[in-house]
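Listed below are the residues making up each chain.
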Amino acid sequence: MIKSILLLLLILPLPLIIANSLPTVYNNYNHVQVINNITIYKNLEYKIVLEKSVTINETQTSLVNKTTTTTVKPTTVQKVISSYIVNYAVTNITGTTINVAISGNFTKNFTFIQQGNYSINLFTDIINVKYPYILPFLLLNNTYALVTSSTYVMFFAKIQNYTINGENITAYDYFIVYNSSYFQEYEILYNGYLANYSTTYNGSTLIMSLLNYYNEFNITLNSNTNPYLSQPYLYIEYLYSSTSKTLQASNYVETYYPLISGNYVGQIVYLLYPHEGKLVEPETFYGLNVNFELYFKPINDLVITFMPSNGTTITWNERLFSYVNTTPIKLVNGSIVNAMLYRNVSANTTAYLYFSQQSHILLEELIYNSLFHNYTIKLDYLGNQFVSLNQNYINVTYTTYKTLPYSLVNFNEGLIIAIVFTVIVSAIIILFRQR
């Protein structure tokens, strides 16, 4: 049933923006939302019910022509085989890490949640059964990939009400995909706590429902803002073509930073394919399309843009790079500037990063693959332009590309230009083949 619903979500259009609810996407690049306070509850109480499908013989009596007929019909019903109350108690809080003591009237065979003491990082342990919570500002009204210590594909379905102690509370219905073979439907309260969900457990159906939460606690964080977070970044990406054996211009990459909390930043990244008559080209995670990625990581683990601090070694996208030298580099617009070169060598690839010596902005990224004996990815910095999710731009696909056509054009006009360009290229290819 869940798979059918998920497939339906994939082909239906995305939900409309709902006023006074989740943001569709943080779309204000020039104002970083600084989140210095997180409210959690030290005590949670959940009810867990185990149900199993059983077949019973249902007796039915009917009266036909004054004759009573009794029949026995097998019927499948859900039977409650166990019921538990699970209590969570936060015993210690250090930064964003909490120690949680779990207790309940468990049986020896119940391993879905076990009694004991656990350490949970609120910034990286998302919807963990050892403390079922997700930071509310990571919940968006969209289809996106949420990347923390793990990657989750988030499908927002609807807003609904959830009742706790007789009070109606706003809840959000999500389908969350953890990997290519596992996804689950979750009801999450507006404050980030798991309200309800069900899953298969030892051949039975496990239903986990929130009964109560209390003992509110406020976590205060010191967020160090960075001036480079308050601007967007636009890059052009080149990918290796097996046909031409060279790098070919593929797409734009837009990224910006809508939020920061403590040492963590939220980074929005999406791809732009204006030459296809559309602006946003979905990324694929676990074989599923998403409109954008929301990275929530320490500032030193940025995917692209700028280097937070320079040194003999830096951490970039969770990889360690070593400083090589300072070298001249030619930018897309033809100008030559000095750049700091950093390098990372792994099994089959060598990655090179060129940072501006003055601003520390990433000017170029090159990835060399020893299996192809060639560069397979190149990323070039274009500037601090912002291209939103609902704009259309004219065609740019050729490798002699120099400047971005910043001015908006009519969609039909852009499509005509793209078609004419395709026809011209096709004609040239035919001529060369005839020769």
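Procedures and definitions
- Residues numbered from 1 in each chain as written.
- Predicted model: local features only at pLDDT ≥ 70, side-chain atom pairs only at ≥ 80, totals over all residues.
- Heavy atoms only, no water.
- Helix = DSSP H or I, 4+ residues; strand = E, 2+ residues; numbered from the N terminus.
- Buried < 20%, exposed > 50% of the residue type's maximum accessible area, 1.4 Å probe, protein only.
- Contact = heavy atoms within 4.5 Å.
- Pairing = 2+ DSSP bridges.
- Phe/Tyr/Trp six-rings, centres within 6.5 Å; stacked < 30°, edge-to-face > 60°.
- Lys NZ or Arg CZ within 6 Å of the ring centre and 35° of its normal.
- Core = buried A, V, L, I, M, F, W, Y, C linked by side-chain atoms within 4.5 Å.
- pLDDT = per-residue confidence, 0-100.
- Salt bridge = Lys/Arg side-chain N within 4 Å of Asp/Glu carboxyl O.

**Re the overall build of the protein**
Across its full length, the protein carries two helices and 23 strands. The proportion of buried residues among the 435 residues of the protein is 45%. Taking as baseline every contact in the protein between residues at least 6 positions apart, the subset at least 24 positions apart corresponds to 55%.

**Some thoughts on the pairing of strand S18 (residues 313-316)**
Side-chain alternation along S18 places Ile 314 and Trp 316 on a buried face and Thr 313 and Thr 315 on a face that remains uncovered. Pairing geometry for S18 and strand S19 (residues 319-330), over four bridges, is antiparallel. The partner of Thr 315 across the bridge, within S19, is Leu 320. Joining the antiparallel neighbours S18 and S19 is a turn of two residues, in which Asn 317 adopts a positive phi near 55 degrees.

**Let's talk about the packing of aromatic side chains**
In total, this model carries 29 aromatic pairs according to the counting rule given. One aromatic cluster is present, built from ring pairs that chain together Tyr 41, Tyr 131, Tyr 133, Tyr 193 and Tyr 213. Above the ring of Tyr 238, the side-chain terminus of Lys 378 is found at 5.4 Å from the ring centroid.

**Things to note about the nonpolar core**
Among the nonpolar cores identified, the biggest contains 78 residues, and Phe 110, Ile 113, Tyr 131, Tyr 174 and Met 208 are the most heavily contacted of them. No other element matches strand S2 (residues 37-64), which puts seven residues into this core. Residues within four places of Ile 113 in sequence aside, it is in contact with Ile 48, Val 86, Tyr 88, Ile 102, Phe 106, Val 129 and Met 208. Grouped together as the second largest cluster of nonpolar side chains are 39 residues, Phe 306, Ala 339, Ala 351 and Ile 367 included.

**Remarks on the confidence of the model for the protein**
In the predicted model, the protein carries a mean pLDDT of 79, and 75% of its residues have values of at least 70. Scored below 50 in pLDDT, residues 1-20 makes 24 contacts in the model with residues more than four places away or belonging to other chains. Here residues 395-435 is modelled with pLDDT under 50, and outside its nearest four sequence neighbours on either side it reaches 44 contacts, counting other chains as well.

**Looking at the side chain of Thr 350**
Secondary-structure assignment places Thr 350 in strand S21 (residues 349-356). Leave out the neighbours within four places in its chain, and Thr 350 touches Arg 343, Asn 344, Val 345, Leu 366, Ile 367 and Tyr 368.

**Observations regarding the environment of Val 265**
You can see Val 265 is positioned in strand S14 (residues 264-272). Judged by relative accessible area, which is 3%, Val 265 ranks as buried. For the pair Val 265 and Asn 300, spaced 35 residues apart in sequence, the C-alpha separation works out to 9.5 Å. When neighbours within four sequence positions are excluded, Val 265 is seen to be in contact with Leu 229, Tyr 257, Leu 259, Ile 260, Tyr 295, Phe 296, Lys 297, Ile 299 and Leu 302.

**A word on the pattern of salt bridges**
According to the stated counting rule, one finds two salt bridges in the structure shown. The partner of Lys 378 in a salt bridge is Glu 364, with the nearest N and O atoms 3.9 Å apart. Within this pair, whereas Lys 378 is found in strand S23 (residues 374-383), its partner Glu 364 is found in strand S22 (residues 362-369), the two being separated by 14 residues in sequence. Overall, Lys 378 belongs to the partly exposed group, its relative accessible area being 22%. One salt bridge connects Lys 378 with Asp 380, and the closest N-O pair in it is separated by 3.5 Å. Judged by its relative accessible area of 6%, Asp 380 is buried. A single salt-bridge network, built from bridges that share partners, covers Glu 364, Lys 378 and Asp 380.

**Notes on the pairing of strand S12 (residues 233-241)**
When you tally the buried positions in S12, you get eight out of nine residues, the bulk of the element. Alignment of S12 against strand S13 (residues 246-261), held across nine bridges, turns out to be antiparallel. For Tyr 235, the partnering residue across the bridge sits in S13 and is Val 253. Hairpin geometry of S12 and S13 is characterised by an intervening segment of four residues between the two adjacent antiparallel strands and by a positive phi of about 60 degrees at Lys 245.

**Remarks on unusual backbone geometry**
Although it is not a glycine, Asn 202 sits at a positive phi angle of roughly 50 degrees. Here Asn 202 lies in the loop between strand S10 (194-201) and strand S11 (204-220). A relative accessible area of 63% places Asn 202 in the exposed class. In the Ramachandran plot, His 360 falls in the positive-phi region, its phi being about 65 degrees despite a non-glycine side chain. Within the fold, His 360 resides in the loop between S21 and S22. On the basis of relative accessible area, His 360 is assigned to the buried category, the value being 18%.

**Regarding the side chain of Lys 297**
You can see Lys 297 is positioned in strand S17 (residues 292-298). Using a relative accessible area of 8% as the deciding quantity, one classes Lys 297 as buried.

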